[in-house]
Amino acid sequence: MTVPHPPSGSEEPVGYDPTAVEAKWRARWAERGTHATDLNGARPYYQLMMFPYPSAEGLHIGNLYAFTGNDIHGRFQRLQGHTVLEPLGYDAFGIHSENFALKMGVHPMELIPRNVANFRRQLDRAGLMVDWRRSVDTTDPAYYKWTQWVFLKLYERGLAYKKQAAVNWCPSCKTVLANEQVINGACERCGTPVEQRALEQWFFRITEYAERLLNNLDWIDWSESTRTAQRNWLGRSEGAELRFRVLDPLTDAGSAGVMVSQEITSGSTVINVFTTRPDTIFGATYLVLAPEHPAVERLTTGDQRAAVEAYREQARKQDLVSRQVNKEKTGVFTGAYAVNPATGEMIPVWIADYVLMGYGTGAIMAVPGHDERDFEFAQKFGLPIVRVVAGPEQDAHTPLDAAYTDDADGRLVNSEQFDGVAVPDAKRQVTAWLTERGAGKSVTTYRLRDWCVSRQRYWGPPIPIIYCDACGTVPVPEKDLPVRLPNVPDYKPDDSGVGPLARHEAFYHVPCPTCGKPARRETDVSDTFLDSAWYFLRYPSVPNDAVPFDAAITKQWLPVSAYIGGNEHAVLHLLYARFINMVMFDAGLVPSEEPFKKFRAHGMIIRDGAKMSKSRGNVVNPDAYMDQWGADTVRTYLMFIGPFEEGGDFRDQSISGVRRFLDRLFASVRDANRGGAPDADVMRKLHQTIKKVGGDIPALSYNTAIAAMMEYMNTLRRGERVPHVAEVEPLVQLVAPFAPHIAEELWEMLGHAGSVFDAGWPAFDEALSRDDAFELVVQVNGKTRGKVSVARDVTQDAAVAAAQADAGIAKFLTGPAKKVIFVPGRLLNIVV
RNA sequence: GCGAGAGUGGCGAAACUGGCAGACGCGCUGGACUUAGGAUCCAGUGGGGUAACCCUUGCGGGUUCGAGUCCCGCCUCUCGCACCA
C-alpha cells in the first residue's frame, strides 16, 4: 500500500517540508556562493568557532550546539551589514586519533580523511554559513608546514629550548602517558603502575610572557569566568626569596651541638626559598626541599644518606598524578642544618614530596605555626611549632592547636623588633630588613610553567630540528619545510623512550643543513595545542602557500571579532593562542597583542538532566534528529532550551514546540493577506519584537529571542487571525539567523530574488513600538491591588485619582495616603 | 580545601538599572473540527480556599514603601584548580 499523496490542485495547502526546503537551499547556496566571503568587503567581521576534532563517531551534539550559536551570531552580523568570515576546519592531530587508530587497527592517515568527510557531510546539513574555501586541516602538510614555521619563529626568538623533564611512563605499554591517561596511579589501558621518567623535552618560554598575559586580562572583552580561570592558572603571587645558609660541618660543628658525621665540605651551601609570608620568618623552624632538589646530594650527611636515597627513589618511582593526590605527609631528615637568618638559630633541613620542584625555588621555609601543611608535617615528625602571629583575641602565648593562617588581621609576636606590627606591614618591613642584610629580596612568582611541546608520539607535526655532531642543534631552514610526517606502518610507541619516528631510517638520517655531514632529525612531534594556537591566523590567508598569513589580509581581518567556544578550553588553548599571537605581535606579524577581541564561553548540553556519555547510552545523534525534524528545527531547539552561555537540557519531548513554531511561520507566509492594511496593534508588537530580538542576539540570549518571536507569532495568529504580509515579512528576517533554510524559502515565497541574508535587518521604529496607554500597577502598602489603564505620560496626581476611582483598589485605601511612590511608566504605590 | 557559577510551577525556563514572579515552550485539562486523532486549531493551567482572600523564587535573618534581584549567616548541586609555600 502506498501513502496517498495530496493531488496537486487539491484545496489542502502545501505545508512545510524541511527535507525538501533544506536540500534546495543547500544546493542554491553552493551554486550562488552565498557563503563565500569577499575578503575585501566592507566592515570585516571575523566570527570564529573552535574547530572540532573529527572523531570517528561523527559530529557530537555539543559541537552542533557550539557551531549553531556561532553561526547565529555570524549571520546576525551579516544582516547588520558586516562582511562576515565564518571559517571552520579540523583539529585532527593528537593522541586521541592515534589511540583510536591503534585500537581499530587503521592507520591515522587513512582514518582521518574518512572522519573528515563524514564531519563535512554533517556540518553541511546543519546550515552553517561557513566559507569552506578557507578551511584548514592540521594534519595537512600544507598546514603543518606553517605550524613548524611557528615553532622555528619561537626558536629564533629564544623562546624554544630543551631540558630534562619528568613524564609518566608505563613500563608495560612502554610508552609515555598524558596525565589524563593515568588513573589512580595506573595506566588507563593495562593497569600497570605508572612511573616517572626523565626525558629531554622541548619547551616554550610562556612564563616570560606571564605578566603580559595576566595584565591584558583586565581589558579584553571575555567571559568573566574565563578570565578568572586564566588568572588562577597564571597564579601570580608576590613574596620574597630568602637565603638560608647551610651549616658547614667543619666551622659550625662546635656551635651546632649535634653529632656531625659528614666529611668536610668546601664552601657553604645556600638554600633559597620562596615565601609569600616573609613576616613569619621568626617562626621558620625547619626547611624542606623537594626530593629532586639539586642541593640534596650535597647536604645529606653520611648517616642519613641511605634514608634520603631511599626516599628520593620512592618519589622518583611514583607517577606524577598520584604524587599530587596522595596527601599523607612523608619526608626524611637530611642530617643538615641551616641558619634562620632572623633568629640565627639552627634549623633542620628535610626533604618531602609535598614540596614541588617546579614551583618557586623547590624549597620552602616551614612555618608550622602559620601554614597548614607545615603544621601537619611538624606534628607528624615532632618538629617545633612557634607562634609568631597573634590574631585579634590572641597573644604571644596563646597555644596553637592548628596553624593560624589569617594574613589580614594578625600582628607579629615573638619576632623581636617586629612585635606588634600588623601582618601586611610586616611583610614589607621584614623583606626590607632581610634585603638589607643580604638575606633576601622581594620577588613575584607565577604558578604557570613553561609549555612542554614535545610528544614522544607519531601523530603530530615533526619538530623541525636537526642534530649535527659538528654544528649542534640546527633548525630546519624554512625552504625545507614542511618536514613531512612519513607514513610509518608501525607507529606504535615502544620502550626506547623516543618517538616512533626514530625507527624510521629514511626520516631519521638527514644531512646537516649547515655543513652537509650526516645528522639526525628530532623525532618528537609537537603538542596538538600548538596546531590550535595559531589556526585562526591561517584561515583568512588560505590557500596562499607562500606565507603562513598574508600581511595585508591579516591586518584587515585580525584580531578575531568574536570567538565562542567551550570553557573546557578556558585555560590551555586560549592561553597558548594568546601567547603565540603575542609572540607574533612582537615579531611585527600580527596587528594586535591579543588575538580575540571578544570571547564568550557557551554552556554544556545535558540530556534529561544527566550528562551525555557513551556508557549511559544517552548521546544525541544529530543525524537522526535532523532527519526527523529538519536542521532548522534542531538548530532553533538547541538555542531555545536554555541560555546559550549556561547550556541546556535536551529533551526529546520539547522539540515539537519549535517545529510547530516553524510550521506556523510557514503557514503565515503562505496564507498572508496581501491586500488591505496591517493592524496597528500587531505592528506595535512587531516593532517591540524587532527591538527585543536585535538586542538579544548580540548578547547571546538566544532563548529569549526565540521566545519573543513565538510570542509575536501568537499575536499574529491569535483567535485564528490571518496575518497581513507586512506583519510577517520582517519576522522572516528575524528568524533567519536561527532557521536559515526556511527563512530563505519564505523570503523567496514573499517575492524576493536575492538571499534574505543580503536583505539587512528590519528597520526598527521607536515611535511605532510605543504603547500610548498602558496598565499602571497599583500597590497599596507595597502589595499589588490592581491596575489601571492610563496614558503613558500620566502624572502622579492623575494616577492617584485613577487608582481611587477603581473600586477594587479603593477598598484597600482605608485612610489618608501617608506616602505615595510613583515610578513613571511602571507603578504607583500608596502607603496608608 | 581554594576559585567560579547555579538553586524559581509537574518539566526546560523568563524577569532590563529592586517595581504585576512564572514570559516562551513541553506536559496536563477542557473544547472545536473530525470515521478517527498520538494531526491541527481555540481556551485554561504555581499552591490553598466555595469565596473575599491567603501563601509561594533552597533555609534563616536584615535593609526598603516594595526583594527572585541588595546585605549578613547557613544548606545543596555543577564545573574548574588542587600540597603552588
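Cut-offs and rules
- Residues numbered from 1 in each chain as written.
- Chains lettered and ligands numbered in written order.
- Predicted model: local features only at pLDDT ≥ 70, side-chain atom pairs only at ≥ 80, totals over all residues.
- Heavy atoms only, no water.
- Helix = DSSP H or I, 4+ residues; strand = E, 2+ residues; numbered from the N terminus.
- Buried < 20%, exposed > 50% of the residue type's maximum accessible area, 1.4 Å probe, protein only.
- Contact = heavy atoms within 4.5 Å.
- Salt bridge = Lys/Arg side-chain N within 4 Å of Asp/Glu carboxyl O.
- Pairing = 2+ DSSP bridges.
- Axes fitted to C-alpha atoms, helices over the stretch in contact; angles between N-to-C directions.
- Core = buried A, V, L, I, M, F, W, Y, C linked by side-chain atoms within 4.5 Å.
- pLDDT = per-residue confidence, 0-100.
- Near = heavy atom within 4 Å.
- Polar contact = N/O pair within 3.5 Å; in protein donor to acceptor, adjacent residues only side chain to side chain.
- Nonpolar A, V, L, I, M, F, W, Y, C, P; charged D, E, K, R; others polar.
- Expected span 1.5 Å × (residues − 1).
- Domains from an automatic or database assignment.
- Left-handed = near helix turned anticlockwise from the far one by under 90°.
- Parallel < 35°, antiparallel > 145°, perpendicular 65-115°, else oblique.

Caption draft 1: Fine view of the overall build of chain A. Broken down by element type, chain A carries 28 helices and 32 strands. For chain A, the spread of C-alpha atoms along the principal axes amounts to about 110 × 85 × 55 Å. Here chain A holds 832 residues, and the buried ones make up 53% of them. Contacts in chain A between residues far apart in sequence, at least 24 positions, make up 73% of those at least 6 positions apart.

Caption draft 2: How the structure looks around the pattern of salt bridges. All told, the structure shown has 46 salt bridges when counted by the stated rule. Linking Arg457 and Glu98 is a salt bridge whose minimum nitrogen-to-oxygen distance equals 3.0 Å. Of the two residues, Arg457 is situated in the loop between strand E19 (454-455) and strand E20 (465-468) and Glu98 in helix H3 (residues 95-104); the sequence distance between them amounts to 359 residues. Assessed through its relative accessible area of 1%, Glu98 is described here as buried. Between Asp221 and Arg600 there is a salt bridge whose closest N-O contact spans 2.8 Å. Taken together, the residues span a long stretch of sequence, with Asp221 in strand E8 (residues 221-222) and Arg600 in strand E26 (residues 598-602) at a distance of 379 residues. Taken together, the salt bridges that share partners define one network made up of Lys24, Arg28, Glu745 and Glu748.

Caption draft 3: Fine view of the sheet that holds strand E29 (residues 773-780). In space, the four strands of this open sheet follow the order E30-E29-E32-E31, with mixed pairing throughout. Edge positions in the sheet fall to strand E30 (783-791) and strand E31 (819-823), since each of these pairs with one other strand and no more. With direction set aside, neighbouring strand axes in the sheet form an average angle of 20 degrees.

Caption draft 4: Summary view of the environment of Ser442. Examined against the element boundaries, Ser442 turns out to sit in strand E17 (residues 440-445). Note on Ser442: relative accessible area 56%, which makes it exposed. A sequence separation of 143 residues divides Ser442 from Leu299, and the C-alpha atoms of the two residues are 26 Å apart. The contacts of Ser442, once residues within four sequence positions are left out, are Gly239, Ala240 and Thr431.

Caption draft 5: View of the nonpolar core. Counting residues in hydrophobic clusters, the biggest one holds 162 residues, and the most contacted among them are Leu154, Phe204, Trp451, Phe536, Phe579 and Ile580. Among all residues touching Phe204, those that are not within four sequence positions of it are Phe151, Leu154, Leu159, Ala160, Tyr161, Asp450, Trp451, Val453, Leu530, Phe579 and Ile580. Formed by 52 residues, the second largest nonpolar core is a distinct cluster that contains Ala240, Ala284, Val288 and Val421.

Caption draft 6: Representation of the confidence of the model for chain A in the model. Overall, the predicted model of chain A reaches an average pLDDT of 89, with 94% of residues at or above 70. pLDDT under 50 marks residues 1-11. Its contacts with residues more than four places away, or in other chains, come to zero contacts. Every residue in residues 253-266 is under pLDDT 50, and counting partners more than four places away or in other chains gives 16 contacts.

Caption draft 7: Focus on the environment of Asp771. Among the structural elements, Asp771 can be located in the loop between helix H26 (766-769) and E29. Classification of Asp771 as partly exposed rests on a relative accessible area of 26%. C-alpha separation for the pair Asp771 and Arg684, spaced 87 residues apart in sequence, amounts to 7.5 Å. Apart from residues lying up to four places away in sequence, Asp771 is in contact with Arg684, Gln688 and Arg792.

Caption draft 8: Geometry of the protein's contact with RNA strand B. If you check the shell around RNA strand B, you find 59 residues, and the closest are Thr276, Tyr359, Arg373, Glu720 and Asn829. Near the protein, within 4 Å, the atoms of RNA strand B are sugar or phosphate in 62% of cases. With respect to RNA strand B, the side chain of Lys329 contributes an N or O atom lying 2.4 Å from a base oxygen. For RNA strand B, a base nitrogen lies 2.4 Å from a polar atom in the side chain of Arg826. For the surface near RNA strand B, the per-class residue count stands at 18 nonpolar, 20 polar and 21 charged.

Caption draft 9: Helix H2 (residues 61-79), seen in detail. For H2, spanning 19 residues, the distance from its first C-alpha to its last is 26 Å, which sits close to the expected 27 Å at 1.5 Å a residue. Burial analysis of H2 places 17 of its 19 residues in the buried class, the great majority of the element. Just beyond H2, the residue with positive phi is Gly81, at close to 95 degrees.

Caption draft 10: Here's a closer look at unusual backbone geometry. Cis geometry is found at the peptide bond from Val542 to Pro543, where omega equals 10 degrees. Within the secondary structure layout, Pro543 lies in the loop between helix H16 (535-538) and helix H17 (551-557). The peptide bond linking Leu558 to Pro559 adopts the cis configuration, its omega dihedral lying at 0 degrees. Residue placement: Pro559 occurs in the loop between H17 and strand E25 (562-566). Phi at Arg43 takes a positive value of approximately 50 degrees, unusual for a residue other than glycine. For Arg43, the position within the fold is in the loop between helix H1 (18-32) and strand E1 (44-49). Since its relative accessible area comes to 45%, Arg43 is described here as partly exposed. In the Ramachandran plot, Asn781 falls in the positive-phi region, its phi being about 55 degrees despite a non-glycine side chain. Along the chain, the position of Asn781 falls in the loop between E29 and E30. Look at Asn781 and you get partly exposed, because its relative accessible area is 43%.

Caption draft 11: Structural view of the pairing of E20. Side-chain alternation along E20 places Ile465 and Tyr467 on one buried face and Ile466 and Cys468 on a second face that is also buried. Linkage of E20 to strand E21 (residues 472-475), two consecutive antiparallel strands, is achieved through a turn of three residues. In terms of strand pairing, E20 meets strand E23 (residues 518-521) through two bridges, oriented antiparallel. Note on E23: the bridge partner recorded for Ile466 is Arg521.

Caption draft 12: Highlighting the domain arrangement of chain A. Segmentation of chain A into domains returns domain 1 (237-445), domain 2 (622-768) and domain 3 (771-831). A straight line from the C-alpha centre of domain 1 to that of domain 2 covers 67 Å.

Caption draft 13: Examining the packing of helix H21 (residues 655-671) against helix H24 (residues 725-735) more closely. At a closest axis distance of 10 Å, the pairing of H21 and H24 adopts a crossing angle of 145 degrees. At the point where H21 passes H24, the crossing takes the left-handed sense. Along its contact with H21, which presents Phe661, Leu662, Leu665, Ser668 and Val669, the element H24 presents Val728, Leu731, Val732 and Val735. Of the residues belonging to the contact of H21 with H24, the class tally is eight nonpolar, one polar and no charged.

Caption draft 14: Structural context of the packing of helix H7 (residues 224-234) against helix H18 (residues 572-586). Their axes nearest at 10 Å, the elements H7 and H18 cross at an angle of 75 degrees. Relative to H18, the element H7 lies roughly perpendicular. Counting all contacts with H7, which are made through Thr226, Gln230, Trp233 and Leu234, the residues of H18 involved are Leu572, Leu574, Leu575 and Arg578. Partitioning the contact of H7 with H18 into residue classes produces five nonpolar, two polar and one charged.

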